[in-house]
Each structure stands twice: as structure tokens, then as C-alpha cells.
Amino acid sequence: MHQTDFKEGSVSRNIWELSLPLMAAQLINLLYSVVDRIYIGHMGGENHLALTGLGLCFPVITIVAAFACLFGNGGAPLCSMELGRENRDEAEAIMGNSFTCLMIAGALLTAVGLIFHKPILYLFGASDATYPYAAPYMTIYLCGSVFVMIATGMNSFINCQGFGRVGMMTILLGAVVNIVLDPVLIFVFHMGVQGAALATVFSQFLSAAWVLRFLTSDKALLRLQKRTLRPKALRVKKITALGMSSFVMQVTNGLVQMVCNASLQRWGGELYVGVMTVANTIREVLTTPVMAFSSGAAPVMSFDYGAGEYSRVKKAIRFVAVGCVLYTLVAWLIVSLFPGFVLRLFTGDAQLIQTGIGAIRLYFFGFFMMALQFAGQNVFTALGKSKNAIFFSLFRKVIIVVPLTLLLPNLWGLGVNGVFVAEPISNFIGGAACFITMLCVVLPELSGKQKRREKA
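Starting from 1, residues in each chain are numbered consecutively following that chain's sequence as written. With the structure being a predicted model, the display of local features is reserved for residues of pLDDT at least 70 and the display and counting of side-chain atom pairs for 80 or more, all residues being used for whole-chain, interface and lining totals. With hydrogens and water stripped out, all remaining heavy atoms of the structure feed into the side-chain values.

Q: I'd like a rundown of the overall build of the chain, residues and numbers included.
A: When its secondary structure is counted, the chain shows 16 helices and zero strands. In terms of overall size, the chain behaves like a compact globule, its C-alpha atoms giving a radius of gyration of 21 Å where 456 residues would be expected to give roughly 23 Å. Taken over the C-alpha atoms alone, the chain extends approximately 70 × 45 × 35 Å along its principal axes. When accessible area is computed with a 1.4 Å probe and restricted to protein chains, residues below 20% of their type maximum are described as buried, those above 50% as exposed, and intermediate ones as partly exposed. The buried share among the 456 residues of the chain stands at 60%. We call two residues contacting when some pair of their heavy atoms lies within 4.5 Å. Summarising the internal contacts of the chain: among those between residues at least 6 apart in sequence, 83% fall at separations of at least 24. Reported accessibility uses the Shrake-Rupley method at a 1.4 Å probe radius. Residues are deemed covered only where the shown protein chains occlude them. For the chain, the exposed area adds up to about 17900 Å²; of that, 67% sits on carbon and sulfur atoms. By the criteria applied, helices consist of DSSP H or I runs no shorter than four residues and strands consist of E runs no shorter than two, each listed in order from the N terminus. Every radius of gyration here is taken over C-alpha atoms, with the globule rule written as 2.2 Å times N^0.38, N being the number of residues.

Okay, structure coming up:
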């Protein structure tokens, strides 16, 4: 079984070896929700209502993912640092404590979501026409929250050990099952959105079972064991502090989706909520490779930082930043030049496609600036600088996007266009601020530590 040794070889090769399987895994993971939206978007009849109903569940799905990131992305870099320091016992303890936190969070989210799902959906912008589509999907999906926690959160601990291909195969198992089950349950058994949700939950269950099987086997470098499951306050505090950046980014994504849906419902109705659902789907597909690339570099940077190889950390930062910007430039051009073609991949509703062409051109304007946000925040997280990462998560979404989403539709007759233009404004301001701050904070620190090590 192949394992990437972070101590050997070039930095770029190590990043690629971990990023490519992670990229494939995250793209495959994205298929869980994207395939649902594609099939539902082509159901026929009033499919834009079904698609809109599914879009109303996005904030809930995002919040579940946020807790998986809180403990998964918080614990995995700490594991990598301890491996770099050759402290295997503490690395295993971090993984075990993270697992316990994931299980508790999954159980609580399921209980709260099932009890309060109706007021939550109406808060997120549901109407009497879309609630019947949103409610069954949300309640069924929430029953699988624990599986999501294991499959997403604990897979980070497979990747941080250097088993990128195992992480990819973990998600591939569930994704293939989801792709097969979706059309069967939706069209053959006529289960509609309920069928899409059941297929997703069962697929996540299989992925979770595979993750646990690997992490409890002799093949894993770090094993999940009973003695490591009992949480310790100081260790959990470190995990949550480092994972808070990813958590805040995900939760604020959910907040933005909620505010966008509510604003679009007010200014344009269900059709524009459907357009935003498709726009968010396109954004997720396009950002997944660049997020995986930057996330794949994080264990390499964490390991080298823990091992005192500061020059290698700087090489990783340069490599990731250039790669992220080049990719997002190409993605922006594709969406801008062929918006109709991109929309038709996700829906067959002619009215939604016609309405969405101008909207997604606005929404994706200057898309490449988002890459700077990803690159900057991943560096902060990989090096344990949680406060910086948290601040810039809040800055772009809460301080910029949410107020603009509420304000711009009222100005200059923008209406629904004001909602779609808030995203590119936040990308330019937030992306530039995050990346420039990272350069000013991290690079001088690395240079100083490198000089002190050379003198020692």
C-alpha cells in the first residue's frame, strides 16, 4: 500500500502525490449532492420547485459538513505535526479524541434537526410550494449525520498519514453506489427527493464503514483504539481551535446560502432560488479541485513545519498559490464563455437556464480571486495559526457578503442582480486581504526561524 514519505523527495511531488488522490476523492464526494441535483433537475414537471426545495437544504448540509471539518480538519494537521516530531502516541490520541467529538456532534445535529426542521426550513426561505420537497430530503439526510461525520471527518486522518489513495478509494465506494441508487430510487421507484436522500445516506454509510475498517487495521500508521477515545479538555481545545477556521468557513457558507435564498425569494421568487441552487452547484464543482490541491499541501506543510524544514514550507506556499490562481483563471473563462452549456448540465428547465445565464456570469466574475482565499487560509491552518484563519473566514462571508446581499438589491435598481454580484465583490476584497496578510505574517516568521536554525 503506497504511502507518501514527507521527509523525502521534492515538495511539489509530495503535494501532488497527496493532492491528486484527495482531489479525486473530493470530486467523487461532491457527486453525492451534485448527482442528486442533476437527477432532480431533470425529473420533469415543476422540477424547478423540487430543485429549489433541495437548494433550501444546502445550509443544513453545509452545517453538518462544518462540524465534520471542525474536528477532522482540526485534528489532522496536529497529527501531521506530531508525526513530524516522531510522537506517535500523541498523534493517535488526537485522532481518537477527534473521533469522539465527531460522534457527539453527529448525534446532536440529528436530534436538533429532526425536532426543529420545519421552522428551520422556513427560516432558510422555504414557501408552502417548496416545503413539501425540502422537508423529506432534510429529515432523511439528517438521519445519516453520523455517517457523514465519519466518512468526511475521519478520512482526513487517512490522508494526513500519507495514504492519499486509500482516502480516494474510501469515497469512491460510496459515490459509485450513490450514482447507481439515485436513478433507481428516483425514477424506477418514483421516490423523488426522498429517493435521492436515501441513496446519499446509504452511500455515506458504506464510506464510513470503509474508513473505520482501515483506521482499525494493521495497515494504518495510526490506529483508532479504545484507549484514545476518552477526550481530554486541553487536547480537544487544540483540535477545535485549529479546526475553527474550516468550521467558520463552512458555517458562514451556510449563513450566506440562507441569506441569499431569503433575499432571492423576496426579490425574484422560487425561480431565482433555483438559479442560485445551480450556481452554488457549479461553484462547488469548480472549487473542489483547488480546495483539494491546497488541502493536500496542508499535511506536507504541517509535517515540514513540525520537522523544522522552513525552506520547504516556503516552497510549498509558492507552489500552491501559483497552481490555485492558474486553475481558477481557466475555470472563470469557461463559465463566462459557455454559461448556457454549463447550466444545461444541471437542469433541463428552459426558463431556469434562460434566467440563469446572466446571473452566473455576474456570480463568477473575478472567480480567480477566491483562490487566494483558499491558499492563504490553508497556510494559516497548516501552520497552526487558527486566529488568522478564523478572522478571514468571518471577514469575507459575514462582514462582506451577508451585508452586501441584503443591501445591494435595494440600490440602483439591482434587485436580484444585487444578490449575485455580492459574491465577486467579496472574492476581490477578502481574497486579496487574506493572501497579502499571510505573506506579511508567515514568510518573515519562516525566514527568521530558518536563520536561527542555520546558526544553531
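Q: Report on the packing of aromatic side chains, specifying residues and quantitative values.
A: Only the six-membered ring of Trp is used, alongside the rings of Phe and Tyr, when aromatic pairs are assigned; centres must lie within 6.5 Å, and planes under 30 degrees apart are stacked while those over 60 apart are edge-to-face, with the rest tilted. One pass over the structure, following the stated rule, counts 17 aromatic pairs. Taking the centre distance of 5.4 Å and the plane angle of 25° together, the rings of tyrosine 122 and tyrosine 131 count as stacked. Note on tyrosine 122: relative accessible area 32%, which makes it partly exposed. On the accessibility criterion, tyrosine 131 (16% relative accessible area) is buried.

Q: Tell me about the pattern of salt bridges, and name the residues and values.
A: For salt bridges, the criterion is a side-chain nitrogen of Lys or Arg within 4 Å of an Asp or Glu carboxyl oxygen. Throughout the structure, instances matching the rule amount to seven salt bridges. Close ionic contact of glutamate 92 with arginine 227 constitutes a salt bridge, the shortest N to O distance being 2.9 Å. Pair noted here: glutamate 92 is in helix H4 (residues 88-123) and arginine 227 is in the loop between helix H8 (192-215) and helix H9 (233-267), with a separation of 135 residues, a long-range link. Judged by relative accessible area, which is 55%, arginine 227 ranks as exposed. For arginine 396, the salt bridge is made with glutamate 423, and the minimal N-O distance between the two is 3.5 Å. One end of the pair, arginine 396, is in helix H15 (residues 386-407); the other, glutamate 423, is in helix H16 (residues 416-455), and 27 residues separate them in sequence.

Q: Please set out the state of the cysteines residue by residue, giving values where relevant.
A: Throughout, disulfides are identified as pairs of cysteine sulfur atoms within 2.5 Å of each other. Per the counting criterion, the structure on display carries zero disulfides. Unpaired in this structure, cysteine 101 has its nearest cysteine sulfur neighbour in cysteine 79, at a distance of 13 Å. Of the residues examined, cysteine 101 reaches a relative accessible area of 11% and is grouped as buried.

Q: Got a sec to walk through the nonpolar core? Specific residues and values, please.
A: In summary, soluble globular proteins display a tendency toward joint burial of nonpolar side chains. Among the buried residues, those of types Ala, Val, Leu, Ile, Met, Phe, Trp, Tyr and Cys that are joined through side-chain atoms within 4.5 Å form a nonpolar core. Counting residues in hydrophobic clusters, the biggest one holds 136 residues, and the most contacted among them are Leu121, Tyr137, Met154, Ile282 and Met301. Sort the elements by how many residues they give to this core and helix H10 (residues 270-306) lands first, with 16 residues.

Q: Tell me about the packing of helix H3 (residues 58-84) against helix H5 (residues 131-142), and please be specific about residues and values.
A: Whenever a helix is involved, its axis is fitted only over the stretch in contact; in every case the axis is a line through C-alpha atoms, and angles between N-to-C directions fall within 0 to 180 degrees. Running from N to C, H3 and H5 point in directions that differ by 15°, and their axes come no closer than 10 Å. With respect to H5, the element H3 is oriented roughly parallel. As for how H3 packs across H5, the hand of that crossing is right-handed. For the pair H3 and H5, the contacting residues are Val60, Ile61 and Val64 in the first and Tyr137, Met138, Tyr141 and Leu142 in the second. Here the residues of the contact of H3 with H5 sort into seven nonpolar, no polar and no charged. The cut-offs work like this: below 35 degrees is roughly parallel, past 145 is roughly antiparallel, 65 to 115 is roughly perpendicular, and the gaps in between are oblique. In a left-handed crossing the near helix is turned counterclockwise from the far helix by less than a right angle, and in a right-handed crossing that turn is clockwise. Lys, Arg, Asp and Glu make up the charged group, whereas Ala, Val, Leu, Ile, Met, Phe, Trp, Tyr, Cys and Pro make up the nonpolar group; the residues left over, Gly among them, are polar.

Q: A description of the packing of H3 against H4 should follow, citing residues and the corresponding values.
A: Running from amino to carboxyl end, H3 crosses H4 at an angle of 175°, the nearest separation of the two axes being 9 Å. It follows from the interaxial angle that H3 and H4 lie roughly antiparallel. The segment H3 lies against H4, with Val60, Ile63, Val64, Phe67, Ala68, Phe71, Gly75, Leu78, Cys79, Glu82 and Leu83 engaging Glu90, Ala91, Ile94, Met95, Ser98, Cys101, Leu102, Ala105, Leu109 and Ile120. Grouping the constituent residues of the contact of H3 with H4 by class yields 17 nonpolar, two polar and two charged.

Q: Tell me about H9, and name the residues and values.
A: The end-to-end C-alpha distance of H9, which contains 35 residues, comes to 47 Å, matching closely the 51 Å that a straight helix rising 1.5 Å per residue would cover. Backbone geometry just after H9 places glycine 269 at a positive phi near 90°. For a helix, the expected span equals 1.5 Å multiplied by the number of residues minus one.

Q: Explain the side chain of serine 156 residue by residue, including any values.
A: Here serine 156 shows up in helix H6 (residues 145-159). Polar contacts, as counted here, are pairs of nitrogen or oxygen atoms within 3.5 Å of one another; within protein the pair requires one atom able to donate a hydrogen and one able to accept it, and residues that are adjacent in sequence qualify only if both atoms are side-chain atoms. Of note is the side chain of serine 156, whose polar atom sits 3.4 Å from the side chain of asparagine 73. Dropping the residues within four chain positions of it, serine 156 is found in contact with Gly72, Asn73 and Ala76.

Q: How would you sum up helix H7 (residues 164-188)? Please name residues and give values.
A: An α-helical turn contains 3.6 residues, so any two residues separated by three or four positions project in the same direction. Across its 25 residues, H7 extends 36 Å between first and last C-alpha, which sits within 8% of the 36 Å expected from 1.5 Å per residue. Maximal helix bending in H7 amounts to about 30°, located at leucine 181; proline proline 183 follows within four positions. Of the residues trailing H7, histidine 190 is marked for its positive phi of about 55°. Each residue is assigned a bend, namely the angle between axes fitted to the seven residues that terminate at it and the seven residues that start at it.

Q: For unusual backbone geometry, give the residues involved together with the corresponding values.
A: Located in the positive-phi region is glutamate 86, a residue other than glycine, with phi close to 60°. In this fold, glutamate 86 is placed in the loop between H3 and H4. The phi angle at tryptophan 412 is positive, at roughly 55°, despite the residue not being glycine. Considering the arrangement of structural elements, one finds tryptophan 412 in the loop between H15 and H16. Judged by its relative accessible area of 73%, tryptophan 412 is exposed.

Q: Residues and numbers for a nonpolar patch on the surface, please.
A: Candidates for patches are residues over 30% relative accessible area with no salt bridge; among them, like charges are joined within 9 Å and nonpolar side chains (Val, Leu, Ile, Met, Phe, Trp, Tyr) within 5 Å. On the surface, Met169, Leu172, Leu173, Val176, Val180, Val184, Phe187, Val188, Phe189 and Trp210 cluster together into a nonpolar patch covering about 840 Å² of accessible area. Residue contributions to the nonpolar patch peak at eight residues, all from H7. Structurally, valine 176 can be placed in helix H7. Classification of valine 176 as partly exposed rests on a relative accessible area of 44%.

Treat this as a map of the structure, not an account of what it does.
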